[in-house]
Amino acid sequence: MDIFEKLKSGEPVDMHSEQYRPVVAELHRTYKALHHLNHAEPLTEEFDEALKELFDGNVPAGLGLFAPVQIDFPKQMTFGNHVFLNHSFTAMSIGGIEIGDNVQIGPHVTIVTDNHDFDNRYILKCRTVRIEKNAWIGAGASIMPGVTIGENAVVAGGAVVTKDVPSNAIVGGNPARVIKMLDGKK
């Protein structure tokens, strides 16, 4: 199992270990790519090339993205069709983020997949975040490690999601709680 698979699996990883070096190299590659993307003129060939650089040549089909963004490990992310990421999106994606078809993510949303051991802060403990198809994440929401956002769910603006969100639920608050259930119709 390589280090990136190990991080996605949730096994503790020592950031000072020799095996962690490829993670640091990928982080440096990504920071340079993000600089290019976030400073490129939108709707130009330069922007398209910078997006391609960020995703290391494999831009997800149908991805809509407004810069600026902060995605630290794009290789740890998977995208369905017709995903939209609004400006100021932050993805701490070292532990993996899976985004389904037709997901809309509002501005200033943060998704976090990593945490640290309380006794040794150089030990990473990651948990994948999953956002199922047709979910909508409102502006300024924060999604914490290991959370699954169910199909057709809505996360209200400013919510802090610490637990799984059922399909067809609207959640809000800090910590987020179910406000209403949808009938599942679009």
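The present account deals with the structure reproduced in this document.

Turning our eyes to something else, we now look at the packing of aromatic side chains. Counted by the stated rule, this structure contains three aromatic pairs. For the ring pair Phe-4 and Phe-73, a centre distance of 6.4 Å and an interplane angle of 55 degrees mean the geometry is tilted. A residue pair is termed long-range when its members are at least 10 positions apart, and Phe-4 in helix α1 (residues 3–9) and Phe-73 in the loop between β3 (69–71) and β4 (77–79) qualify at 69 residues. Each ring, one from Phe-55 and one from Phe-79, has its centre 5.8 Å from the other, and the planes form 80 degrees; the classification is edge-to-face. Of this pair, Phe-55 sits in the loop between α3 (45–54) and β2 (64–65) while Phe-79 is found in strand β4, placing the two residues 24 residues apart along the sequence.

In this structure, Pro-68 follows Ala-67 across a cis peptide bond, with omega equal to 5 degrees. Tracing the backbone through its elements, the reader meets Pro-68 in the loop between β2 and β3. In this structure, Pro-175 follows Asn-174 across a cis peptide bond, with omega equal to -5 degrees. By the element assignment, Pro-175 lies in the loop between β18 (169–172) and β19 (177–181). Of note in the backbone geometry, Leu-43 takes a positive phi value of approximately 60 degrees without being a glycine. Looking at the secondary structure, you find Leu-43 in the loop between α2 (21–39) and α3. Even without a glycine there, the phi angle at Asn-152 is positive, about 65 degrees. Within the element layout of this structure, Asn-152 appears in the loop between β15 (148–149) and β16 (154–155).

With that out of the way, let us pick up the sheet that holds strand β11 (residues 123–126). What the three strands build is an open sheet, ordered β1-β11-β10; its pairing is antiparallel. Edge positions in the sheet fall to β1 (13–14) and β10 (114–116), since each of these pairs with one other strand and no more.

Moving on, we come to α2. The terminal C-alpha atoms of α2, which comprises 19 residues, lie 28 Å apart, in line with the 27 Å expected from a rise of 1.5 Å per residue. For α2, the set of buried residues is Val-23, Glu-26, Thr-30, Ala-33, Leu-34 and Leu-37. Here the buried residues of α2 occupy an arc of 110 degrees about the axis, which is enough to place them on one side. Facing away from the buried side of α2 by over 90 degrees, the exposed positions are Arg-21, Lys-32 and His-39.

So, on to the packing of α2 against α3. Between α2 and α3, whose axes approach to 8 Å, the crossing angle comes to 165 degrees. In this view, α2 runs roughly antiparallel relative to α3, as classed from their interaxial angle. Relative to α3, the crossing made by α2 is left-handed. Two secondary-structure elements touch here, α2 through Arg-29, Thr-30, Lys-32, Ala-33, Leu-34, His-36 and Leu-37 and α3 through Phe-47, Ala-50, Leu-51, Glu-53 and Leu-54. Counted by class, the contact of α2 with α3 contains seven nonpolar, two polar and three charged residues.

Right, let's get into the sheet that holds strand β13 (residues 136–137). Ordered in space as β2-β5-β8-β13-β16-β18-β19, the seven strands form an open sheet in which the pairing is mixed. Edge positions in the sheet fall to β2 and β19, since each has one partner strand and no second. The pairing of strand β8 (residues 104–105) with β13 spans two bridges and is classified as parallel. Looking at β13, one finds that Ile-105 is bridged to Ile-137.

Reading the values: rules and limits
Residues numbered from 1 in each chain as written. Predicted model: local features only at pLDDT ≥ 70, side-chain atom pairs only at ≥ 80, totals over all residues. Heavy atoms only, no water. Phe/Tyr/Trp six-rings, centres within 6.5 Å; stacked < 30°, edge-to-face > 60°. Helix = DSSP H or I, 4+ residues; strand = E, 2+ residues; numbered from the N terminus. Pairing = 2+ DSSP bridges. Expected span 1.5 Å × (residues − 1). Buried < 20%, exposed > 50% of the residue type's maximum accessible area, 1.4 Å probe, protein only. Arc of directions from axis to C-beta. Axes fitted to C-alpha atoms, helices over the stretch in contact; angles between N-to-C directions. Parallel < 35°, antiparallel > 145°, perpendicular 65-115°, else oblique. Left-handed = near helix turned anticlockwise from the far one by under 90°. Contact = heavy atoms within 4.5 Å. Nonpolar A, V, L, I, M, F, W, Y, C, P; charged D, E, K, R; others polar.

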